[in-house]
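Secondary and tertiary structure notes
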Amino acid sequence: MTAEQTIGGVDGAAINGDRTAVIGDDSGEALLLQEDSKQTPTLSVVMPTLNEEEGIAECIERIKSALGTLGVPGEIIVSDSSTDRTPEIAREMGAIVVEPDAPGYGYAYRYAFERTRGEYIAIGDADTTYDFEELPKLYELVANGDADMAMGSRLEGEIKKGAMPPLHQHIGNPLLTKFLNVFYGAGVSDAHSGMRVISRGALEELDLKTDGMEFASEMIMDAGARDLTIEELPITYHPREGEATLDSFRDGWRHVKFMLVNAPGYLFSVPGFLLSVFGAFVMALAYFSVPINGITLGVHSMIAGSLFTIVGTQVVSLGAFATVAGNPIRAPEDPVTEYLTQNVQLEHGATFGLCLFGVGAGFAGVMVIRWVTSDFTQLPFLMGDVVALTAMVLGLQIVFSSFFLSAIAE
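Not measured: the values here are computed from a predicted model. (Residues numbered from 1 in each chain as written. Predicted model: local features only at pLDDT ≥ 70, side-chain atom pairs only at ≥ 80, totals over all residues. Heavy atoms only, no water.)

Considering unusual backbone geometry
Across residues other than glycine, the phi torsion is negative in most instances, and most of the peptide bonds are trans. Backbone geometry at Thr128 places phi at a positive 70 degrees, although glycine is not the residue there. Its relative accessible area of 8% is what places Thr128 among the buried residues. Positive phi outside glycine occurs at Asn293, with the angle close to 55 degrees. Among the structural elements, Asn293 can be located in the loop between strand E12 (291-292) and strand E13 (295-296). (Buried < 20%, exposed > 50% of the residue type's maximum accessible area, 1.4 Å probe, protein only. Helix = DSSP H or I, 4+ residues; strand = E, 2+ residues; numbered from the N terminus.)

Rendered as structure tokens:
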């Protein structure tokens, strides 16, 4: 595509810094609008850049081609933190360059989103890995109302040789996508694809806060939690131009950590509940001497069951704390956490905890009396000791947890 083109017999303005520039091809026409243009663009294409001078020109040319194919007015916004010639090249080619006032991949996007004007927003990296000429098929999904957000799937499409490390292609991306689908019900095949189109209404509905690479996960997590429709189409993933800025393990861990912290039901509530049930079950088998395959559990199993019960209860309470104080993207939906956070008041929890403590203390007191009245010759029943102490510890734990939950809920 040349800098000047003819559309409908009218010469287009050269894209060399003019306030507006007309571009197009045989399949359609479009307006590439500058920031101070009075005409509202239909599609805003946002690219974050960090020293992308080797790939930015090709990406912009492909975006122009996509706009021409669609025949809609658009704008290209480059959210730049470069120290090379990336912003100069982008401006020369008619893009709007904004400079975020803080670092971070996610922040670059959020900063640019606030400055977009289009009814639809497309995003993608400026390193030539994504072919922006594939944008029209994603745009059509959203513009036709078939999706709130459309994503290009690299894993269901074609990954060119050398475009993605085998560790990312076969382990990292599939595993992170699996986590995200299980935790947030997103139902996607490539959660970390960077080529997406979203409607303005859907974007404004999201509450995006992250600054780093986990922004890619947050966008889908929040959309899934809000029951927005996400659709995918296969795309081709190409080798990048320029030096990679992704740290596989550090950024991968940031994605996992962000998913877990924002899904306390999976991080705390479910594991805690299972630990508590398992511990109580082991204690019951040991206390009543119920044989398992001819083996009867003893006092050591009783102590282990007690520890599992106590730890599990504490972990469940952490799930309630995280839900109330953290405002996670995916609030726990298990009945235990829902009941604790929605129905239990300070008085309820404190009363139950004191009653449980009293039962344990009473049981322990009976055994102490028996020991004293036997002139200290009859040793206490160790199984009973463990049950009594477990009840006392759980009671105190519930009392103080109830006070803490009340404090952070206010």
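A short note on the nonpolar core
By size, the foremost hydrophobic cluster in this structure holds 37 residues, and its most contacted members are Leu43 and Met47. Residue contributions to this core peak at seven residues, all from helix H1 (residues 56-70). With sequence-adjacent residues up to four places away left out, Met47 is seen in contact with Ile56, Cys59, Ile60, Ile63, Ile76, Ile77, Val78, Ser79, Gly124, Asp125, Ala126 and Phe132. Core analysis: the second largest hydrophobic core is formed by 36 residues, Tyr111, Phe183, Leu206 and Phe215 among them. (Core = buried A, V, L, I, M, F, W, Y, C linked by side-chain atoms within 4.5 Å. Contact = heavy atoms within 4.5 Å.)

A word on H1
Across its 15 residues, H1 extends 21 Å between first and last C-alpha, which sits within 8% of the 21 Å expected from 1.5 Å per residue. Regarding H1, the residues found buried are Ile56, Cys59, Ile60, Ile63, Lys64, Ser65, Ala66, Leu67, Gly68 and Leu70. Looking one or two places after H1, you find Gly71, whose phi comes out positive at around 70 degrees. (Expected span 1.5 Å × (residues − 1).)

Some words on the packing of aromatic side chains
Counted by the stated rule, this structure contains ten aromatic pairs. With 5.2 Å between their ring centres and 90 degrees between their planes, Tyr105 and Tyr109 make a pair best called edge-to-face. Taken together, the positions of Tyr105 and Tyr109, both in helix H3 (residues 105-113) and four residues apart, correspond to about one turn of that helix. Between Tyr130 and Tyr237 the ring centres are 5.3 Å apart and the planes differ by 65 degrees, which places this aromatic pair in the edge-to-face class. Here Tyr130, found in the loop between strand E8 (120-123) and helix H4 (135-143), pairs with Tyr237, found in strand E11 (residues 230-237); they are 107 residues apart in sequence, far enough to count as distant. An aromatic cluster of at least three residues, connected via ring pairs, comprises Tyr105, Tyr109, Phe113 and Phe215. Taking NZ or CZ as reference, Arg154 lies 5.0 Å from the ring centre of Tyr237, over its face. (Phe/Tyr/Trp six-rings, centres within 6.5 Å; stacked < 30°, edge-to-face > 60°. Lys NZ or Arg CZ within 6 Å of the ring centre and 35° of its normal.)

Section: helix H10 (residues 299-326)
With 28 residues, H10 extends 40 Å between its outermost C-alpha atoms, agreeing within 8% with the 40 Å of an ideal straight helix rising 1.5 Å per residue. After H10 finishes, the residue Asn327 shows a positive phi value of roughly 50 degrees.

Some details on the pattern of salt bridges
As enumerated under the stated definition, the model contains 16 salt bridges in all. Taking the shortest distance from any N to any O, the salt bridge between Asp131 and Arg62 comes out at 3.1 Å. Within this pair, whereas Asp131 is found in the loop between E8 and H4, its partner Arg62 is found in helix H1, the two being separated by 69 residues in sequence. A relative accessible area of 14% places Asp131 in the buried class. Here Asp222 makes a salt bridge to Arg226, at a shortest N to O gap of 2.7 Å. Of the residues examined, Asp222 reaches a relative accessible area of 4% and is grouped as buried. What emerges from the salt-bridge pattern is a single network uniting Glu58, Arg62, Asp131 and Glu133. (Salt bridge = Lys/Arg side-chain N within 4 Å of Asp/Glu carboxyl O.)

Observations concerning the environment of Asp146
With respect to the helices, strands and loops of the structure, Asp146 is situated in the loop between H4 and strand E9 (149-159). With a relative accessible area of 45%, Asp146 lands in the partly exposed category. Residues Asp146 and Thr229, 83 residues apart in the sequence, show an inter-C-alpha distance of 7.9 Å. If sequence neighbours within four positions are ignored, Asp146 has contacts with Leu141, Thr229 and Glu231.

Considering the pairing of strand E6 (residues 74-80)
For E6, the buried fraction is high: seven of the seven residues fall into the buried class. Neither face of E6 is open: one carries Gly74, Ile76, Val78 and Asp80, the other Glu75, Ile77 and Ser79, and all of them are buried. In terms of strand pairing, strand E5 (residues 43-49) meets E6 through seven bridges, oriented parallel. In the strand pairing of E6, Pro48 is matched with Ser79. (Pairing = 2+ DSSP bridges.)

Examining the packing of H1 against H4
Packed helices, taken two at a time, are described by their axes: the angle between them and the distance between them. Orientation of H1 relative to H4, taken along the N-to-C sense of each, is 50 degrees, at an axis distance of 9 Å. The orientation of H1 relative to H4 falls into the category oblique. Seen from above, H1 lies across H4 with right-handed handedness. Contacts from Ala66, Thr69 and Leu70 in H1 reach Leu135, Pro136, Tyr139 and Glu140 in H4. Looking at the contact of H1 with H4 residue by residue, the class counts come to five nonpolar, one polar and one charged. (Axes fitted to C-alpha atoms, helices over the stretch in contact; angles between N-to-C directions. Parallel < 35°, antiparallel > 145°, perpendicular 65-115°, else oblique. Left-handed = near helix turned anticlockwise from the far one by under 90°. Nonpolar A, V, L, I, M, F, W, Y, C, P; charged D, E, K, R; others polar.)

A word on a nonpolar patch on the surface
Where nonpolar side chains cluster on the molecular surface, the patch consists of Leu167, Ile171, Leu175, Phe179 and Phe249 and spans about 500 Å² of accessible area. Structurally, the position occupied by Leu167 is in helix H5 (residues 166-184). (Patch = residues over 30% accessible without salt bridge, like charges linked within 9 Å, V, L, I, M, F, W, Y side chains within 5 Å. Areas by Shrake-Rupley, 256 points an atom, 1.4 Å probe, with all protein chains shown as cover.)

Some thoughts on the side chain of Glu214
Looking at the secondary structure, you find Glu214 in the loop between helix H6 (200-205) and helix H7 (215-225). Not counting chain neighbours up to four residues away, the residues in contact with Glu214 comprise Arg254, His255 and Phe258.

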